[in-house]
Amino acid sequence: MFSLDESERIRGAFPELRELVNGVPLVYLDTAATALRPTGPVERESTFALTRTAAVNRGAHTLAAEATEAYDDARATIATFIGARPNDLVFTSSATEAINLIALACRLASAVGGPARFALSAGDEIVHTESEHHANLIPWQEVAKATGATLRIAPVTDGGVLTVAAVESVLTDRTRVVAFPSVSNVLGIINPVRAISDAAHRVGALVVLDACQSASHTTLAVTESGADFIAFSAHKMYGPTGIGGLWGTAASLAEMPTVLTGGSMITRVDFDSADYLPAPAKFEPGTPRLTQAIGWAESIRFLDDIGMDRVADHESSLGAELYRLLSAVDGVRILGTDEGVDRVGLVSFAVDGVHPHDAGQFLDSKGIAVRVGHHCAQPLHKRLGVDSSTRISLGVHSTLAEVEFAVDALAQVRAFFGVA
Amino acid sequence: MFSLDESERIRGAFPELRELVNGVPLVYLDTAATALRPTGPVERESTFALTRTAAVNRGAHTLAAEATEAYDDARATIATFIGARPNDLVFTSSATEAINLIALACRLASAVGGPARFALSAGDEIVHTESEHHANLIPWQEVAKATGATLRIAPVTDGGVLTVAAVESVLTDRTRVVAFPSVSNVLGIINPVRAISDAAHRVGALVVLDACQSASHTTLAVTESGADFIAFSAHKMYGPTGIGGLWGTAASLAEMPTVLTGGSMITRVDFDSADYLPAPAKFEPGTPRLTQAIGWAESIRFLDDIGMDRVADHESSLGAELYRLLSAVDGVRILGTDEGVDRVGLVSFAVDGVHPHDAGQFLDSKGIAVRVGHHCAQPLHKRLGVDSSTRISLGVHSTLAEVEFAVDALAQVRAFFGVA
Amino acid sequence: MELESLYQQIILDHYKRKVGYGIDHGGYPSHQYNPTCGDEINLQVLLSADGNTIESIEWEGTGCSISQASASMLAAESKGMTLAEFETFAGGFREAMRSRGEIVLDEEEYGDLASLSGVSKFVARVKCAMLAWVAAEDSVTLTRGSLN
Amino acid sequence: MELESLYQQIILDHYKRKVGYGIDHGGYPSHQYNPTCGDEINLQVLLSADGNTIESIEWEGTGCSISQASASMLAAESKGMTLAEFETFAGGFREAMRSRGEIVLDEEEYGDLASLSGVSKFVARVKCAMLAWVAAEDSVTLTRGSLN
Ligand SMILES: Cc1ncc(COP(=O)(O)O)c(C=O)c1O
Ligand SMILES: Cc1ncc(COP(=O)(O)O)c(C=O)c1O
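Conventions adopted
Residues numbered from 1 in each chain as written. Chains lettered and ligands numbered in written order. Predicted model: local features only at pLDDT ≥ 70, side-chain atom pairs only at ≥ 80, totals over all residues. Heavy atoms only, no water. Contact = heavy atoms within 4.5 Å. Buried area = accessible area lost by both parts, 1.4 Å probe. Salt bridge = Lys/Arg side-chain N within 4 Å of Asp/Glu carboxyl O. Polar contact = N/O pair within 3.5 Å; in protein donor to acceptor, adjacent residues only side chain to side chain. Nonpolar A, V, L, I, M, F, W, Y, C, P; charged D, E, K, R; others polar. Near = heavy atom within 4 Å. Areas by Shrake-Rupley, 256 points an atom, 1.4 Å probe, with all protein chains shown as cover. Patch = residues over 30% accessible without salt bridge, like charges linked within 9 Å, V, L, I, M, F, W, Y side chains within 5 Å. Lys, Arg positive; Asp, Glu negative; His and termini not counted. Charge placed at Lys NZ, Arg CZ, Asp CG, Glu CD. Helix = DSSP H or I, 4+ residues; strand = E, 2+ residues; numbered from the N terminus. Buried < 20%, exposed > 50% of the residue type's maximum accessible area, 1.4 Å probe, protein only. Phe/Tyr/Trp six-rings, centres within 6.5 Å; stacked < 30°, edge-to-face > 60°. Lys NZ or Arg CZ within 6 Å of the ring centre and 35° of its normal. Pairing = 2+ DSSP bridges.

(A) Inspection of the interface of chain B and chain A at higher detail. Listed per partner, the contact involves 95 residues of chain B and 95 residues of chain A. When chain B packs against chain A, the two sides together hide about 7,500 Å² of surface, and 59% of this comes from carbon and sulfur. Three residues, B:L50, B:H61 and B:F271, lead the burial of chain B against chain A; their summed loss comes to 11% of the area buried on that side. Where chain B packs against chain A, one counts 4 salt bridges. A:E19 is the salt-bridge partner of B:R52, the closest N and O atoms lying 3.0 Å from each other. Our enumeration of links across chain B and chain A arrives at 40 residue pairs in polar contact (both at pLDDT 80 or more). In terms of residue class, the side of chain B that touches chain A is made up of 42 nonpolar, 34 polar and 19 charged.

(B) Seen up close, the site of ligand 1. Lining the immediate surroundings of ligand 1 are 15 residues, of which A:T287, B:T96, B:D210, B:S233 and B:K236 lie closest. The environment around ligand 1 is built from residues contributed by chains A and B. Within the contact set of ligand 1, an oxygen atom lies 2.6 Å away from a side-chain nitrogen or oxygen of A:T287. In the environment of ligand 1, a nitrogen atom lies 2.5 Å from a nitrogen or oxygen atom belonging to the side chain of B:D210. Protein chains shield 99% of the accessible area of ligand 1, which is 380 Å² for the free molecule. Looking at the shell around ligand 1, its residues break down into 3 nonpolar, 9 polar and 3 charged.

(C) Focus on the site of ligand 2. Around ligand 2, a shell composed of 15 residues is seen, among which A:T96, A:D210, A:S233, A:K236 and B:T287 lie nearest. The separation between an oxygen atom of ligand 2 and a polar side-chain atom of A:T96 is 2.5 Å. Within the side chain of A:Q213, a nitrogen or oxygen atom sits 2.7 Å from an oxygen atom of ligand 2. Here ligand 2 has 390 Å² of accessible area as a free molecule, and 98% of this is covered by the chains.

(D) Main features of a negative patch on the surface. Residue and element names in this part refer to chain C. A contiguous patch of negative charge, built from D106, E107, E108 and E109, is present on the exposed surface. Relative to the helices and strands, D106 resides in the loop between α4 (83-97) and α5 (107-110). Assessed through its relative accessible area of 40%, D106 is described here as partly exposed.

(E) Main features of the interface of chain B and chain D. Contacts between the two partners involve 17 residues from chain B and, on the opposite side, 22 residues from chain D. Interface area for chain B against chain D, summed over the two sides, is near 1,600 Å², with a carbon-plus-sulfur share of 52%. For the chain B face of the interface with chain D, the top three residues by lost area are B:H357, B:Q361 and B:F416, together amounting to 33%. Here chain B and chain D share 1 salt bridge between them. Of the charged contacts, one joins D:R125 and B:D358 as a salt bridge, the two residues approaching to 3.0 Å between their closest N and O atoms. Linking chain B with chain D are 10 residue pairs in polar contact (both at pLDDT 80 or more). It is helix α12 (residues 356-365) of chain B that provides the largest number of residues to the side of chain B that touches chain D, a total of 5 residues. Of the residues assigned to the side of chain B that touches chain D, the class counts are 4 nonpolar, 11 polar and 2 charged.

(F) Quick look at the side chain of B:N191. With respect to the secondary-structure elements, B:N191 resides in the loop between β7 (175-181) and α7 (193-202). Of the polar contacts made by the side chain of B:N191, one reaches the backbone oxygen of B:P181; its length is 2.7 Å.

(G) Molecular detail of the packing of aromatic side chains. Counted according to the given criterion, the structure contains 32 aromatic pairs over all chains. Ring centres of A:F416 and A:F417 lie 4.9 Å apart, and the angle between their planes is 80°; on these two criteria the pair is classed as edge-to-face. An aromatic cluster is built from C:F86, C:F89, C:F93, C:Y110 and C:W133, whose rings are joined through pairwise contacts. The ring of D:Y33 is capped by A:R268, whose NZ or CZ atom sits 4.5 Å from the centre of that ring. Taking NZ or CZ as reference, C:K18 lies 5.5 Å from the ring centre of C:Y21, over its face.

(H) A look at the pairing of strand β11 (residues 266-269) of chain A. All names here are of chain A. Here β11 pairs with strand β12 (residues 274-276) via 2 bridges, running antiparallel. Counterpart to V269 in the pairing with β12 is A274. The antiparallel pairing of β11 with β12 creates a hairpin that spans 4 residues between the two strands.

(I) Region of the structure containing the pattern of salt bridges. Residues and elements named next belong to chain A. Summed over the entire model, instances satisfying the criterion amount to 58 salt bridges over all chains. A salt bridge links D30 to R391; the nearest nitrogen and oxygen atoms lie 3.8 Å apart. Taken together, the residues D30 in the loop between β3 (27-28) and α2 (39-52) and R391 in strand β17 (residues 389-393) connect sequence positions 361 residues apart. Of the two residues examined, D30 and R391, each falls in the buried class.

As C-alpha cells, this is what we get:
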C-alpha cells in the first residue's frame, strides 16, 4: 500500500474528497461506477477549451493545426498506456458504444454478406459469460436475434469464478464471437484473459474483451491479452465522461465494416458513394471529442506519474484487507470468492435482512458513497441468488482508514434496521 | 447589431479572443466549424467535474442523486431552448451520431422486417439535396446500398438556393426519407424548412433535418419545423465537444428501433433477452455524458441570457454586411446568392487564382481564423464548379470591425500571390 | 439529511409486518418494476361488488424498507375508501413525495403513511415509495376495465 | 510565424511555371488525393530503359501553391537521378518536412526545393508539400513492378 504521505499527496489531487456530504466528509467507494476527477486533468481540459478550441483535422489556421496536434498527441498518450499503436485505438463515446460498434458491424455484415469474420448466420454461436455487464450482453442478444445465431453462456462457479474450462465447455466449431470481461464489475475477480482468448482463437472466434473494470486498476497490455477487440471507458480511469476506447488489432480494424459514417472519415465523396480512410478515422466520423481526449490523456499521465504497478499493488492489497474485514461481519455474504483467484479492489455483498437500498442509505448518512442495485448485471445477480447487492469499490485515493470506517458502519446496519 | 458596449461585454466571456495568434490578436471567423467557448459554461462543467462527479441513475448515495438531478435539469434546459419536451431529446455524441442512429435504425429495421416507417426495400427512395454535409449524406448512401433503395438528389440553383419545387420534383410515392439541412454549412442560406417538411409528409416520407448550422444562429422551434427528427451538435452552440442532440417527435422516437444497447436503458434482463425503457433512455445506453450535458446546458443559458432573437438579429445583420463588402472585392466569387433568401452570418467564396489553402494561410498570418477546404461538402463544391473554398462564419462575438478587417485582408490576397 | 427523518420506527415496523402481504384472491394485479434496483411488486386492489369501494389490497414483492412499508401502509390505510377518495388520496401522496420536503403529509388524513413524508427529501428514494401506488392505480384501471 | 518564410518568391514562381506539367507519355502515373482540401495530383516518373534512372517527371493536378510548387520543383530537380539517389533525396526531403523547422534543406543539394524548408513549421501544410513526393514514390514502385 501507499505510505500515508503518498496517500495524502494523491488524495490532494481530488477536491471532491474535501467536500462534505450530509455534513460529513465524503468517503468515495464507488470508483467502479465512475471515478472521481483529479484537478490536473480537469483543469487541462478546461484551459484547453477556453484558449485552444478549434476544429481538428480541418483548415489551415494556426489554432486548428494546434488542436489537431493536441488531439493526435492525446491518442498517442492513451495508446502508449495500453501498449498499443495510436492507429489501433478508436475513440468512442464509451465502452458501451465501443462494444456496440463491433456488434453492429456484425449485424450489418450479416445482413449484406460482409467480411467473413463479422458476418454471422443461423446456427452460428456467440459465447458470453454469466458474469457479463449488460453492455457486453445486450448488444450480442440483438446480434443473435437479427442473425439467428445462438447465445451460449459460459457459467461461473458459485464463487463467481470464470474458468477457462467453463468457457471451453461452450465453445464449438460454430463459435464466432467470445465476449467476456477482464474483471466483472460485481465480482472483482481477475479473469484468465489470455487463456480464454487463446481458447476462443482455437475455434476461430472473434474475441471481444470488456476491460472497463481493469483498465485503471491493473496494467492493460492489449497485445498480451490475446483479444481482437478491447473496450474501455475514460470515466472509470479518472478521465471525462463522453469518451471511451475501442482497441483492435490492426487486422481486425481493417476488416471491420464501418458503422457510423459522415465527415472526416472519407477521401472522396460523390452524390451516391464515398471512399473511407483507414482506421482509426473510418470509425470516427464527425467532429472529434477534442477536449475529452485532451482530458483523458492528462488523467493517464496522472496514473503514469504514480506508476500503474504501484497503483495496482496498492489497490489489490487494500482490496484484500477489505475482503478480509468484510468477511468477518455478521450477516454479510460476499459475492465472489477470494480463494485461488487474483482480485481488484472491489467487493459486492448482500446484508442479511437488509435491502441494498437501505444499506446504501445508511452508509450515505455517514458520507460513504457505495453502489447499490444490480450494477447492470441482472443475470449474474439472479445466478448468485440475489436481486441486487451493495458494492464497495476502491480507487487510487482509497485508504485503509476509509475501508475500516466503511466496514465498521456496515457492522451497524442490521441493528439499525432491527434485524440483528 | 449589438451596441459596442454589449459586444464588448459578450466578447469578454470568450478568453480565446484575448489570445495572440502569430503575435496578433485572434479574429475568430470559424464558428461554423466549432464555436469558441465562453468562460461560464466551461467553468460550470469543470467545477461540477471536480466537486460533483458521481454515477447518474444509479444507486442511492447523495452525490449520485445530485448528479442525476443535474443531468435531468440539463436535458430540460436544452429541450426548452428548442421548444421540445425533455423526453423527446436524446443525447448523442454529435449531430453525426444522431443522424447515424436514424440511418442505422433504418438499416436494422430493413434487415429484420422492423417497423414500417423505418424499413426500406429495393425500389424505395431516399431524397437528399445537393447541399448536404457528408454527415447527412453518407449514412443515407449506406442505407441505400444495404437496402437497394435509390438516392434521389434535390438540386440547388446555381445560386445555391434549395426551393420547395426542387424537392418536390424528386418526391414520388416511393420516397421514404427526406434528409436536408436547415442551413447548408457552405451556403449560409436559410432553407424553407417547414414547406419542405410538409411536402415530404404529403408523400409519407420521414423527415430528417440537419440543424447544425442554425441551432445557435436562429431560433430552433422543433415542433414548428415539421420534421420528424432533428440533429444538432453542442460544440457549434458554444457547448462542449462530445455531445449532441437527436430530437424526434414522441411517436417517431417510440417507433424507432433501438440501435445502441447496454446498461441503463433496460427494465429486465435475462441471459438471452431484455426489455427496454422508453425514449430517451432506450437510445442512451451506458454511462451518460454527464459533464458535457451540464456544460451544454450552461452554454444554452449563455445564449438565453443574451436572447436568441437578438443573437439572430445581430448575426444576420453582420452577415449581410459581410456579404455586401465581400461582393465588392475584385476576384472574389461568393458561393450562394443573397437575393430572395434569408441568410445566417456565413459566406463561402473562391478567390480567383488563389487556392483556398493559400488564402487561409494569408489570413492566418493576420490572426484571422477561417475554414478552407471542402467543408465536408464535396459534392456541393463540385456542383458549384470548385474543388474547395474559403469560408467566413460569424458568431455571437463577431463585430463589424472584424468583418471589415477580414475583408480588407482578403482584398490583398491576390496581389500577395501575384495574380492581380 | 438525518437518517432518522427517513427511517422512522413505524416504517421499519411496517417493513416487518407487511399488511396485505399475500395474493389470496382472484383479481387484476399490476406488476411494477424498478429498473435501478430490480425491485418488484405485484399488487391488486379488490373492489366492492359495485366497483366503487376498495375492499382490500393484496400484494407480494421484494424491495427495500421504503417500498415495502409504503405498500403495507397503503394496504392498511386505503381499506374502505371510495375510488374517488382514493384518487385524491393517491394524488396527495404523490404530490408530497415530489415536494422535496416541502409538503408534510397530514397524520389525520394519512395515518401511518405520514411517516413517509421524509422520503421526499431523498430524491432517489421517491420511486421506492411510489412503486406500490403506481401498481394500485394500475390495478384499479385494470379492474374497472374488466367491469365494462 | 512569418508568412514570407512560407511563401518565398521562388515558390510563387514555380506555382506559375509548373515544370513538368502535362502528362504526355505512356507510363505508370500515381494518383494522390488530400482529403482535407480535395486537392489531387496525377504524377508519373519516366525511367531510363534500364529502369535505373529518372528521365523525367510529368504531372497534372490542382492544389495550393505549396503542393504545385513542390511538384514543379521535384520535376525540375530530380531529372537524371538514379533511383538510389532519388530514394535518399526523397527521404531527406520528408525528414525535413517533418522536422517542425529543425532541418533546413541544403541549397546545394536541393536547389529550389530548399525554399520549401519553411513549410515544416506549418504543420498543416506539410501534407501539401508531400503530395507530389508520395505520388512519385508510388509511381516508381508501379513502374518497376511493371518491369518484372
Ligand atoms: C451542416 C452540418 N451538418 C452536420 C455537421 C456535423 O456535425 P458534427 O461534426 O458535430 O457531428 C456539421 C458540422 O461539421 C454541419 O455543418
Ligand atoms: C464491466 C463493465 N462493462 C461495461 C461498462 C459500461 O461502461 P460505460 O457505461 O462507460 O459505457 C461498465 C460500467 O458501467 C462495466 O463496469
